[in-house]
Amino acid sequence: MDYSGFLRYLNEHVDTSGKSGRYIIRFPHPAEYAECVRQLFQHKRKHPALRQIRTSPLLQALICPLGLRGETARSQFGLWVEEDSRVSVHSPAPSGKGQNSGIPWGVKRIGAPETWSVSTGYRVRIGVIDTGADFAHPDLRHSLARGINLLNRIGLPYDDNGHGTHIAGTIAASGGSLGMMGVAPRSLIFPVKAFDHNGSAYVSDIILGIDWCVRNRMHIVNMSFGMKTNSEALKNIIRKAHTAGIVVVASSGNDKKGRSADYPARYPQTISVGATGRDGRIASFSNHGPYIDIYAPGEKITSSWLGGGYREMSGTSMATSHVSGAVALLLALKPDLKPGEIKRRLRRTARPLPSASSAKVKGAGEVSAVRLLRAKPRRRS
């Protein structure tokens, strides 16, 4: 198939100023995508504007900054077009400077230290799609791999916000007696920087991050962010990651809503996480209801921060990092478990929430690393 007309259209409308909208253009068949990409690389030599276009092999999509709306690509060329939306991390600004407490209360609450004699998450690879990480933090120096910076491909994914460093600390900090300890201190974090210094990202950068995680054989992807609207492109690539055997853990949102969760936590291929407080009850800010698969500590969580320090934060983001760590403990022991089996096991071994008449406490419980690792597989009838 000759894509020269389509590429001319892109060349005429690609916006190199960065002021226009971005679009995700998907192809219905792998062969069509492959042929278009082949021709794209040929045309880039003559048309420098086409160098602004990025590719996602897993999704079979082009990501384009276009000066005009993308309907022509749909109507004239028969391709799937979706506007590239903005996404935000799932936590407010830090509530205060935290003190290093060795093992934070949330890590203790889920019983992680009681499992370290049998599992520390050794060699489990976790892609944290977030704002990056502080590679100089003393508690993370043995916990971080190189990862990728999607906003600046030639640089390391350094954190210029703090949120990603906080998530990484709860999952895998290994500061020992002089620092803090995360849930799975011998797991390995691969920071995937898709979010800027404001904690904001495009869906397309998240898609490229998931694509990278699949190609680099992550076991778990932590996604502590969300948006209110559905993205077919994001849903499709999460489905592909799930099929590839990757456990996708996503925060449900901080809107205090029942029967609701943000995307991507709302997709069935993710493990959707809500937050609890020190009393074991659902945190006042957390979404709750049937879309939540599991709850975890998310209120006033102290973890690593920029400059080698610590901060206290609240949000379903923080809860999600506890669940990713617990899954890492499990996968280090049972590496052949599939994502669906892990979700069922999390739900089955969860600690029941305090009883009350409110419907918001029915259904999912709070994660327990001890029960998760001790559980025996169910026999199939």
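Since the model is a prediction, treat every value here as computed from it, not as a measurement. Sequence order as written defines the numbering, with residues in each chain counted from 1. In keeping with the model being predicted, local features are shown solely for residues with a pLDDT of at least 70 and side-chain atom pairs are shown and tallied solely at 80 or more, while totals for entire chains, interfaces and linings include all residues. By convention in this description, side-chain values take in all heavy atoms of the structure and omit both hydrogens and water.

A run of DSSP states H or I qualifies as a helix once it reaches four residues; a run of E qualifies as a strand once it reaches two. Both are numbered from the N-terminal end. Within the chain, the secondary structure is distributed over 10 helices and 17 strands. The globule rule used here is 2.2 Å times the number of residues to the 0.38 power, and the radius of gyration it is set against is calculated over C-alpha atoms. Its C-alpha atoms give the chain a radius of gyration of 21 Å, within 12% of the compact-globule value 21 Å for 381 residues. When accessible area is computed with a 1.4 Å probe and restricted to protein chains, residues below 20% of their type maximum are described as buried, those above 50% as exposed, and intermediate ones as partly exposed. By the burial criterion, 59% of the 381 residues in the chain qualify as buried. Residue contacts are counted whenever heavy atoms from the two residues lie within 4.5 Å of one another. In the chain, of all internal contacts separated by at least 6 residues, the share reaching a separation of at least 24 is 76%. Accessible area for the chain stands at about 16200 Å²; split by element, carbon and sulfur atoms hold 49% of it. In the chain, 53 side chains carry a positive charge and 28 a negative one; their mean positions are 7 Å apart. Accessibility throughout is a Shrake-Rupley quantity obtained with a 1.4 Å probe, and a residue counts as covered only by protein chains that appear here. The positive count covers Lys and Arg only, the negative count covers Asp and Glu only, and His and the chain ends enter neither. Lysine's charge is taken at NZ, arginine's at CZ, aspartate's at CG and glutamate's at CD.

Because an α-helix completes one turn every 3.6 residues, residues spaced three or four positions apart along the sequence face the same direction. What helix H9 (residues 339-349) keeps buried is the set Pro-339, Ile-342, Lys-343, Arg-345, Leu-346 and Thr-349. Viewed along the axis of H9, the buried residues span an arc of 165 degrees, placing them on a single side of the element. Buried positions along H9 lie against helix H7 (232-243), strand E13 (247-251), strand E14 (270-276), strand E15 (294-297), helix H8 (316-333) and helix H10 (369-374). Here, the arc refers to the directions that run from the helix axis to the C-beta atoms.

With respect to the helices, strands and loops of the structure, Val-370 is situated in helix H10. Sequence separation between Val-370 and Ser-56 is 314 residues, and the spatial gap between their C-alpha atoms is 39 Å. If we ignore the near neighbours within four places in the chain, the residues touching Val-370 are Ile-110, Gly-111, Glu-114 and Thr-115.

In this description, strands pair whenever DSSP reports at least two bridges between them. An order of E10-E5-E12 is seen for the three strands of this open sheet, with the pairing classed as antiparallel. Taken across any chain shown, the strands that pair with only one partner, and hence form the sheet edges, are strand E10 (200-202) and strand E12 (225-226). Bridge analysis of strand E5 (residues 86-89) against E12 gives two bridges, and the strand direction is antiparallel. Directly across from Val-89, in E12, lies its bridge partner Phe-225.

Working definition: rings of Phe, Tyr and Trp (its six-membered ring) pair if their centres are within 6.5 Å, and the pair is stacked with planes under 30 degrees apart, edge-to-face with planes over 60 apart, and tilted otherwise. With the rule as written, the count across this model stands at 11 aromatic pairs. On the numbers, 6.3 Å between centres and 70 degrees between planes, the contact of Tyr-3 with Phe-6 is edge-to-face. Grouping residues by exposure puts Tyr-3 and Phe-6 together as buried. Ring geometry for Phe-195 versus Phe-225: centroids 5.0 Å apart, planes at 45 degrees, classification tilted. Taken as a pair, Phe-195 in the loop between strand E9 (188-193) and E10 and Phe-225 in strand E12 lie far apart in primary sequence, 30 residues in all. By relative accessible area, which is 0% here, Phe-195 ends up buried. Classification of Phe-225 as buried rests on a relative accessible area of 0%. Placement of a positive charge over a ring is assigned whenever Lys NZ or Arg CZ falls within 6 Å of the ring centre and within 35 degrees of the normal to the ring plane. Arg-22 extends its terminal NZ or CZ atom over the ring of Tyr-202, reaching a point 3.9 Å from the ring centre. Here the guanidinium or amino end of Arg-86 rests over the ring plane of Tyr-202, the centre of that ring lying 4.1 Å away.

For the rest of this paragraph, the subject is the domain arrangement of the chain. Bear in mind that the domain bounds are from an automatic or database domain assignment. The domains assigned to the chain are domain 1 (3-84) and domain 2 (88-374). Using C-alpha coordinates to define each centre, domain 1 is positioned 33 Å away from domain 2. Contacts between the two partners involve 13 residues from domain 1 and, on the opposite side, 16 residues from domain 2. Summing both partners gives a buried area of about 1300 Å² for domain 1 against domain 2, and 59% of it is carried by carbon and sulfur. A simple way to read buried area is as the amount of 1.4 Å-probe accessible surface that goes missing from two parts once joined, with both sides added.

Read across the open sheet, the seven strands follow the order E8-E9-E7-E11-E13-E14-E15; overall the sheet is parallel. Two strands bound the open sheet, and with one partner strand each, they are strand E8 (148-149) and E15.

All right, on to the UniProt feature "active site" (unreviewed entry) in the chain then. UniProt positions are given in the numbering used here, feature names are shortened, and annotations may be inferred rather than shown by experiment. Cross-referencing UniProt, the feature "active site" (unreviewed entry) maps to Asp-130, His-163 and Ser-317 in the present numbering. These annotated residues cover 188 residues of sequence, but their C-alpha atoms sit close together, with the largest distance between any two at 10.3 Å. Tracing the chain through its elements places Asp-130 in strand E7 (residues 125-130). Taking the relative accessible area as the measure of exposure, Asp-130 reaches 0% and is therefore buried. Ignoring anything within four residues of it in the chain, the contact list for Asp-130 reads Val-89, His-163, Gly-164, Ile-167, Val-192, Lys-193, Ala-194, Phe-195 and Ser-224. With respect to the helices and strands, the residue His-163 is situated in helix H5 (residues 163-172). By relative accessible area, which is 1% here, His-163 ends up buried. Contact partners of His-163, with chain neighbours within four places excluded, come to Val-89, His-90, Ser-91, Asp-130, Thr-131, Ser-224, Trp-305, Met-313, Ser-317 and Met-318.

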